[in-house]
Amino acid sequence: MMQKWDDSKTCLNEHKHLVCEETANFLVIWCIDLEVEEKHELMNHVAHQTIVMQYLLELAKTLDVDPRACIGSFFTKIKTADKIYLDAFGDELRSFKERVKDRAQARIDRAMKEYEEEQRKERIGPGGLDPVEVFESLPKVLQDCFESQDISMLQKALGELPEDEARRHMKRCVDSGLWVPEAGAKEEFEKASETSEEQEAAGTDEKK
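Report on the accompanying structure. (Residues numbered from 1 in each chain as written. Predicted model: local features only at pLDDT ≥ 70, side-chain atom pairs only at ≥ 80, totals over all residues. Heavy atoms only, no water.)

1. Some thoughts on the packing of aromatic side chains
Each aromatic ring pair is specified by the distance between its two centres and by the angle formed by the two planes. Under the counting rule described, the total for this entry stands at 6 aromatic pairs. Ring geometry for Phe 74 versus Phe 75: centroids 5.0 Å apart, planes at 75 degrees, classification edge-to-face. You can call Phe 75 buried: its relative accessible area is 1%. Grouping aromatic residues by their ring pairs yields a cluster made of Trp 5, Tyr 55, Tyr 85 and Phe 89. (Phe/Tyr/Trp six-rings, centres within 6.5 Å; stacked < 30°, edge-to-face > 60°. Buried < 20%, exposed > 50% of the residue type's maximum accessible area, 1.4 Å probe, protein only.)

See the structure below:
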């Protein structure tokens, strides 16, 4: 990758068709791609060429000429420029690289969010609940039971909870696929849940 003014000038003189807005836009996208791929050193080089291209195009607009006709003029100017002009170039380069890093991070964050959403959809249990979210909502004692996969410990922990609370937690575990009861136990669990819901509804009606 070119690091000297003369190298850039020679390359552009040999490939004048590259001196255009399309190349400038391509270089910007390439910088972001390189930053996402963590190729930071190469990104720095490409960023330098991006600002060179943008300065060259801006000079062409100022002079109202074809950008290809400004190659010699631009590099003559930049090689003999005063400190103020070079500092402005450096400031623009640093600012551009910061924007590239922000854009790259935004792309990474978006990709991670999409990936996590896909993973969540794949995890969804038979009752439409996410097992990870259900697990995180459980009391610590129940989390320990599931982590150790100790059924007797789970039964003991559930027995120490209020019946309605224990039933509510287990129903959410079944709906999320976190707990998959055996066929017979599942039917018994569903009947018990229906009975509990009916009792709760009857209690509500009595209060009314």
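2. Some words on the environment of Ala 166
Mapped onto the elements of the fold, Ala 166 is located in helix H9 (residues 163-176). Expressed as a C-alpha distance, the spacing of Ala 166 and Gln 155, which sit 11 residues apart in the sequence, is 9.9 Å. When neighbours within four sequence positions are excluded, Ala 166 is seen to be in contact with Leu 158 and Leu 161. (Helix = DSSP H or I, 4+ residues; strand = E, 2+ residues; numbered from the N terminus. Contact = heavy atoms within 4.5 Å.)

3. Some remarks on helix H4 (residues 71-79)
Listing the buried residues of H4 in full gives Ile 71, Phe 74, Phe 75 and Ile 78. What you see down the axis of H4 is that its buried residues fit within an arc of 90 degrees, all on one side. Summarising the contacts, the buried residues of H4 are in contact with helix H1 (5-14), helix H3 (40-63) and helix H5 (83-123). (Arc of directions from axis to C-beta.)

4. Re the pattern of salt bridges
Applying the stated criterion across every chain, the model contains 12 salt bridges. Where Glu 37 meets Lys 39, a salt bridge forms, and the shortest distance between an N and an O atom there is 3.3 Å. On the basis of relative accessible area, Lys 39 is assigned to the partly exposed category, the value being 43%. The salt bridge partner of Lys 171 is Asp 175, with a shortest N-O separation of 3.0 Å. Here Asp 175 and Lys 171 lie together in helix H9, a separation of 4 residues that amounts to about one turn. For Lys 171, a relative accessible area of 31% gives the class partly exposed. (Salt bridge = Lys/Arg side-chain N within 4 Å of Asp/Glu carboxyl O.)

5. Let's talk about the environment of Gly 125
With respect to the helices and strands, Gly 125 occurs in the loop between H5 and helix H6 (131-137). According to the relative accessible area criterion, Gly 125 is buried, its value standing at 14%. Distance from Gly 125 to Arg 172, taken between C-alpha atoms, is 9.6 Å for residues 47 residues apart in sequence. Not counting residues within four places of it along the chain, the set of residues in contact with Gly 125 comprises Pro 131, Asp 175, Ser 176 and Gly 177.

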